[in-house]
Amino acid sequence: MRIAVPNKGRLHEPTIDLLERAGLHLDNGAERKLYADTVDSDVTVLFARAADIPEYVRDGAAEIGITGLDQVRESGHRLAELLDLGYGKCRLVLAAPEDGDIESVADVSGKVVATEFPNIARTYFDEEGIDAEVVEVTGATELTPHVEMADAIIDITSTGTTLRVNRLGVVDEVLSSSVRLFAHPDAVDDPKVAQLVMALESVLTAEGKRYLMMNAPREKLDDVREVIPGLGGPTVMDVAGDDTVAVHAVVNERDVFEVVSDLKKVGASGILVTEIERLVE
Ligand SMILES: Nc1ncnc2c1ncn2[C@@H]1O[C@H](COP(=O)(O)OP(=O)(O)OP(=O)(O)O)[C@@H](O)[C@H]1O
Ligand SMILES: O=P(O)(O)OC[C@H]1O[C@H](OP(=O)(O)OP(=O)(O)O)[C@H](O)[C@@H]1O
Ligand SMILES: [Mg+2]
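Remember, it's a predicted structure, so these values are computed and weren't measured experimentally.

Undergrad: Help me understand the overall build of the protein, please; the structure alone is not making it clear to me.
TA: Along its length, the protein carries 8 helices and 15 strands. For 281 residues, the compact-globule estimate of 2.2 N^0.38 gives 19 Å, and the protein exceeds it by more than 25% at 25 Å. Overall, the C-alpha framework of the protein stretches about 80 × 50 × 30 Å when taken along its three principal axes. When burial is assessed residue by residue, the protein has 46% of its 281 residues classed as buried. Long-range pairs, those at least 24 residues apart, make up 67% of the contacts in the protein between residues at least 6 apart in sequence. For the protein, the accessible area works out to roughly 15,100 Å², and carbon and sulfur atoms hold 45% of it.

Dropping the structure here:
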C-alpha cells in the first residue's frame, strides 16, 4: 500500500509525526527522498505536493492520501474520505477590501475574484448564482485587490493575520478545511487500509486523554471511583501487604485539572498523570 503525504510546507511535519505516533515508522533518510519505506514492508510513503496528492490517489499511484480537504475539493476528484485528522485547520473565505463596497457575495456580481482555488471558486459562485470572473493566481493572493488585479479574493485564512495586514475583511465562508485521510474508492475495503485507519484513530483518540495512576486507601475506593468519570471505570490493583490499592484510569484531558484535586480530597496520593500514545477502544 502506498500513502501520499505532503513533501514540504506546514503539513509535512505533523503528517510524519502522526504516522510515527501510529507506529508506522519511516526508514531513515526520508527527508530528501521521494518515497520512504516503513516499518511495515507492505507500506510505502510517497512525498508529493499537498495540491497534487488527490491526483496521485485518483491515478492509483497511491491508494491513500493525506492532505487538506481544500485540495481534495479543488481537484474535483471523487475520493473516499476516511478520517478527519484534525490539523491544518483553516477556512477558505471570500474576502474584499475593508474600505470597499463589497459587503456580501451578491456585491461580487460582475467583479473579478483572484484565487489559488479556481474550481472551488467557480462552484461556489454557481451555487450562489453569482456571475463573477475568477482569475487564478499561485500565491500572494491578498495582494491582488491592492494592485487592481481583482476586486475580491477567495483564500485561506486561519489566524486572520494575513487578511488584517492586507486590510481585507471576510465577506463569506466558502469552505471549512482540515487535513483528511482519503482513499481511492477501490481501496476502501483493503484490510491494510482498515489497519491504517485503526492505527491513526487510536492516536487521535489518545490525544484528548490522559492516564492517571495513584494509590488510595482501600476504604476510600468508592469515593475514588465516583471522582473518576466514565471510560469503563478504573483498574484497581492490590498493593501487597497493605491496606492501599493502586488505581489506574483513563480520563479526558480537559477533566484532569478538576479530577486530580478531587482525588487528593478523597485521600488518593502519589497521583501520576501521563500522556497516552495510542488508545484502541
Ligand atoms: N494558514 C494556514 N493555517 C492552517 N492550514 C493551512 C494554512 N495555509 C494552508 N493550510 C493548509 O495547508 C495546505 C497546504 O498549503 P500550501 O500548499 O500553501 O503549503 P504550505 O504548507 O503553506 O507551504 P508553502 O506555501 O510554503 O509551499 C492547504 O491546502 C491548507 O489545507
Ligand atoms: O490567517 P493566517 O494565519 O494569516 O494564515 C493565512 C495565510 O496562510 C497561508 O499562506 P502561507 O503562509 O502558507 O504562505 P503562501 O501564500 O506562500 O502559501 C494562506 O495562503 C494565507 O495567506
Ligand atoms: Mg501556503
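Undergrad: Honestly, the site of ligand 2 in this entry has me stumped. Any pointers?
TA: Taken together, Arg10, Glu142, Asp155, Ile156, Thr157, Ser158, Thr159, Gly160, Thr161 and Thr162 make up the full set of residues adjacent to ligand 2. Here Thr162 contributes a side-chain N or O atom positioned 2.5 Å from an oxygen atom of ligand 2. Looking at the shell around ligand 2, the elements that each hand over two or more residues are strand E9 (152-157) and helix H5 (161-165). Counting residues per element, the shell around ligand 2 draws most heavily on E9, which supplies 3 residues. Of the residues assigned to the shell around ligand 2, the class counts are 1 nonpolar, 6 polar and 3 charged.

Undergrad: What exactly am I supposed to notice about the UniProt feature "domain: ATP phosphoribosyltransferase catalytic" (unreviewed entry) in the protein here?
TA: Here the UniProt feature "domain: ATP phosphoribosyltransferase catalytic" (unreviewed entry) sits at residues 49-201. The span residues 49-201 shows a helical share of 27% and a strand share of 31%, and its end C-alpha atoms are spaced 24 Å apart.

Undergrad: Looking at this model, I keep getting lost on the pattern of salt bridges. Mind explaining?
TA: Pairing between side chains of opposite charge can happen when their charged atoms approach one another. What the rule picks out here adds up to 12 salt bridges. Between Arg21 and Glu207 there is a salt bridge; the shortest N-O distance is 2.9 Å. Here Arg21 is found in helix H1 (residues 12-21), whereas its partner Glu207 is found in helix H6 (residues 191-207), with 186 residues between them in sequence. A residue is classified by how much of its surface remains accessible, and Arg21, at 27% relative accessible area, is partly exposed. Across the pair Asp40 and Lys192 runs a salt bridge whose closest N-O atoms are separated by 2.6 Å. Residue Asp40 is located in the loop between strand E2 (35-37) and strand E3 (44-48), and its partner Lys192 is located in helix H6; the two are separated by 152 residues in the primary sequence.

Undergrad: Quick question: what am I supposed to make of the packing of aromatic side chains here?
TA: Describing an aromatic ring pair means giving the distance of the ring centres and the angle of the ring planes. According to the stated counting rule, one finds 1 aromatic pair in the structure shown. Plain terms: the ring middles of Tyr124 and Phe125 are 5.1 Å apart, the flat faces sit at 55° to each other, and that makes the pair tilted. Among the residues examined, Phe125 registers a relative accessible area of 2% and is labelled buried.

Undergrad: What am I meant to see in helix H4 (residues 118-128) here?
TA: Residues spaced three or four apart along an α-helix point in a common direction, a consequence of the helix completing one turn every 3.6 residues. Among the residues of H4, those classed as buried are Pro118, Ile120, Ala121, Tyr124 and Phe125. Axial view of H4: buried residues confined to an arc of 160°, hence all on one face. Exposed residues on H4 whose side chains face more than 90 degrees from its buried face are Asp126 and Glu127. Packed against the buried residues of H4 are helix H3 (69-75), strand E6 (90-97), strand E7 (112-115), strand E8 (133-136), E9 and strand E10 (168-177). Remark: Gly129 follows H4 within two positions and exhibits a positive phi of approximately 70°.

Undergrad: In this structure, what is going on with the sheet that holds strand E15 (residues 269-275)? I would like to understand it.
TA: An order of E13-E14-E12-E15 is seen for the 4 strands of this open sheet, with the pairing classed as antiparallel. Of all the strands in the sheet, the pair left with one neighbour each is strand E13 (235-238) and E15. Here the average twist between neighbouring strands, direction ignored, is 15°. Where strand E12 (residues 209-217) meets E15, 5 bridges bridge the pair, whose relative direction is antiparallel. Of the residues in E15, the one forming a bridge with Tyr211 is Thr274.

Undergrad: I'm lost on the nonpolar core in this one. Help?
TA: One recurring pattern in soluble globular proteins is that nonpolar side chains are buried together. Ile3, Leu19, Ile66, Leu85, Leu181, Leu196 and Leu200 are the most contacted members of the largest nonpolar core, which has 29 residues in total. Elements supplying a minimum of two residues to this core: strand E1 (2-6), H1, E3, strand E4 (64-68), strand E11 (179-183) and H6. When residues of this core are assigned to their parent elements, the largest contribution, 6 residues, is made by H6. Once residues lying within four places of it in the same chain are set aside, the contact partners of Leu196 are Met1, Ile3, Leu19, Leu24, Ile64 and Leu181.

Undergrad: Help me out: how do you make sense of the pairing of E11 in this one?
TA: Two faces make up the sheet, and in a regular strand the side chains alternate between them. Judged by how many residues are buried, E11 sits mostly within the fold: 5 of 5 residues are covered. Residues Val179, Leu181 and Ala183 point to one face of E11 and Arg180 and Phe182 to the other, with burial holding for every one of them. Judged from the 5 bridges that link them, E4 and E11 form a sheet pairing that is antiparallel. Bridge assignment links Thr67 to a residue of E11, and that residue is Arg180. Bridging between strand E5 (residues 80-84) and E11 involves 4 bridges; their strand directions are antiparallel. Counted as the bridge partner of Asp84 is Arg180 from E11.

What counts as what
- Residues numbered from 1 in each chain as written.
- Chains lettered and ligands numbered in written order.
- Predicted model: local features only at pLDDT ≥ 70, side-chain atom pairs only at ≥ 80, totals over all residues.
- Heavy atoms only, no water.
- Helix = DSSP H or I, 4+ residues; strand = E, 2+ residues; numbered from the N terminus.
- Rg over C-alpha atoms; globule rule 2.2 N^0.38 Å.
- Buried < 20%, exposed > 50% of the residue type's maximum accessible area, 1.4 Å probe, protein only.
- Contact = heavy atoms within 4.5 Å.
- Areas by Shrake-Rupley, 256 points an atom, 1.4 Å probe, with all protein chains shown as cover.
- Near = heavy atom within 4 Å.
- Polar contact = N/O pair within 3.5 Å; in protein donor to acceptor, adjacent residues only side chain to side chain.
- Nonpolar A, V, L, I, M, F, W, Y, C, P; charged D, E, K, R; others polar.
- UniProt positions renumbered as here; feature names shortened; annotations may be inferred.
- Salt bridge = Lys/Arg side-chain N within 4 Å of Asp/Glu carboxyl O.
- Phe/Tyr/Trp six-rings, centres within 6.5 Å; stacked < 30°, edge-to-face > 60°.
- Arc of directions from axis to C-beta.
- Pairing = 2+ DSSP bridges.
- Axes fitted to C-alpha atoms, helices over the stretch in contact; angles between N-to-C directions.
- Core = buried A, V, L, I, M, F, W, Y, C linked by side-chain atoms within 4.5 Å.

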